[in-house]
Amino acid sequence: MSDTPETNENIATTESDPSTGAWYPRDRSRIASTLRCDLIAPALRRTLPMNRISQSGLPAIFLFAFCGLAWDDAGADGANFSIVGDLPGGRVFSQVFDISDNGDVAVGVSNATSGQMAVRWTRSGGIEALGLLQSGAYSSASGVSADGQIVVGDATVNAAQPELRAFRWSADGGLMALASASAEPFASRALAISADGRTIVGWTETASGFEAVQWSGDDAPVGLGVLPIAGYSSQAMGVSADGSVIAGLSGTPRPTTEAFVWTTANGINGLGDLPS
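The rules behind these values
- Residue numbering note: each chain is counted from 1, following its sequence as written.
- Restriction of local features to residues with pLDDT of at least 70 applies here, the model being predicted, together with a cutoff of 80 or more for giving and counting side-chain atom pairs; totals for whole chains, interfaces and linings are based on all residues.
- No hydrogens and no water enter the side-chain calculation; it runs on all heavy atoms of the structure.
- By definition, any uninterrupted DSSP run of H or I lasting at least four residues is a helix, any uninterrupted run of E lasting at least two residues is a strand, and each is numbered from the N terminus.
- Any pair of residues with heavy atoms lying within 4.5 Å of one another is described as a contacting pair.
- Salt bridge criterion: a side-chain nitrogen from Lys or Arg within 4 Å of a carboxyl oxygen from Asp or Glu.
- Think of it in three bands: residues with accessible area under 20% of the maximum for their type are buried, residues over 50% are exposed, and the middle band is partly exposed, with areas taken using a 1.4 Å probe on protein chains only.
- Between any two strands, pairing holds if DSSP finds at least two bridges.
- Between the N-to-C directions of two axes lies an angle of 0 to 180 degrees, each axis being a line fitted to C-alpha atoms and, for a helix, fitted only over the stretch in contact.
- Joining through side-chain atoms within 4.5 Å is the link that ties buried Ala, Val, Leu, Ile, Met, Phe, Trp, Tyr and Cys residues into a set, and such a set is a nonpolar core.
- Any N or O atom pair separated by 3.5 Å or less is treated as a polar contact, with the protein-specific requirement of one donor-capable and one acceptor-capable atom, and with residues adjacent in sequence counted only for side-chain atom pairs.

A. Quick peek at the environment of Leu224. With respect to the helices, strands and loops of the structure, Leu224 is situated in strand 15 (residues 222-225). Apart from residues no more than four positions distant in its own chain, Leu224 is found in contact with Glu211, Ala212, Val213, Gln214, Ala236, Ile246, Trp262 and Ile268.

B. Expanded view of the pattern of salt bridges. Under the criterion given, the structure shown has four salt bridges. The salt bridge partner of Arg189 is Asp154, with a shortest N-O separation of 2.5 Å. Of this pair, Arg189 sits in strand 12 (residues 188-193) while Asp154 sits in strand 9 (residues 150-157), and the two are 35 residues apart along the sequence. The same class applies to Arg189 and to Asp154, which are both buried.

C. Region of interest: the sheet that holds strand 4 (residues 94-99). Read across the open sheet, the four strands follow the order 4-5-6-7; overall the sheet is antiparallel. The open sheet has two edge strands with one neighbour each: strand 4 and strand 7 (126-131). The mean angle between the axes of side-by-side strands here comes to 35°, regardless of whether they run parallel or antiparallel. One ladder, built from five bridges, connects strand 4 with strand 5 (residues 105-112); its direction is antiparallel. Its bridge partner lying in strand 5, Val96 is registered against Gly108.

D. View of the environment of Met117. Looking at the element boundaries, Met117 is found in strand 6 (residues 115-122). Setting aside anything within four residues of it in sequence, one finds Met117 in contact with Leu87, Gly108, Val109, Ser110, Ala129, Gly131, Leu132 and Ser139.

E. Spatial organisation of the nonpolar core. Residues Val107, Ala141, Val151, Phe167 and Trp169 are the most contacted members of the largest nonpolar core, which totals 13 residues. For this core, the elements supplying multiple residues, two or more each, are strand 5, strand 8 (139-144), strand 9 and strand 10 (163-170). Ranked by the residues each element gives to this core, the list is headed by strand 9, at three residues. Excluding residues within four positions of it along the chain, Val107 makes contact with Gln95, Val96, Phe97, Asp98, Val119, Arg120, Ala141, Ser142, Gly143, Val144 and Val151. Leu227, Ala236, Phe260 and Trp262 belong to the second largest nonpolar core, which has 11 residues in total.

F. Fine view of the side chain of Ser94. Here Ser94 lies in strand 4. Among the polar contacts made by the side chain of Ser94, one reaches the main-chain carbonyl oxygen of Gly85 at a distance of 2.7 Å.

G. Layout of the environment of Gly238. Looking at the secondary structure, you find Gly238 in strand 16 (residues 234-239). In the structure, Gly238 is positioned 45 residues away from Ile193 in sequence and 7.5 Å away in space, judged by C-alpha atoms.

H. Summary view of the pairing of strand 7. As paired elements, strand 6 and strand 7 share five bridges and run antiparallel to each other. Bridging from a neighbouring strand, Val119 pairs with Ala129 of strand 7. Counting the residues in the hairpin turn of strand 6 and strand 7 gives three residues.

Set out below in structure tokens:
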């Protein structure tokens, strides 16, 4: 199908596009983002610690690579940056897409020997790979619960003919595909998770197009509908702390898209746009 919803891997994943796609935690005291390392090349010759960037300087990191960053403004000596690092093997690359409430956990993607893989970084333990789905060759983490214990994202199955599947990760259960809407091999993606970890939102492919959905527990995804504008396409991109309010966009990039808010009581409602 055409007009596939935008994915995190389309944001700053090539060296020709240094945009960051930063996400802010709920208390806004910390930021997770991505830095184009070659843009700070003049400072890279300094031999400073690898795990910290402060007002005193920058770490020695590889040129022409993206490096995940966690920023903390709570330090006594001003803003501090922690290099997320990357997995062994492959080209030097990592990117962070979301961060826990206290800033101690960040999630995203990194290159590994076998390809790109979802990662979870902790301030105390560093970066760890979250693995792959069975017979898959790719995974990427998009969201994390407030306490940092549950991670969501997407991963492929069937390496010969890759199919995208939404996943949920926890330390106890590992990486597990979320329930599908039907027996058909439709693609799906998890883009965000509520603070309490109980509601996951994203999109799933249907026979008509792409539809915003929410997952709760082990249940099949619940469709949120689409707005009555061009194209049968919608995706849920954010969710409130308790999962009661979901936000996203509907429509196709050509000719139009519109932001929406969804609630159980009122369903999907467009937010309109500013007058031209």
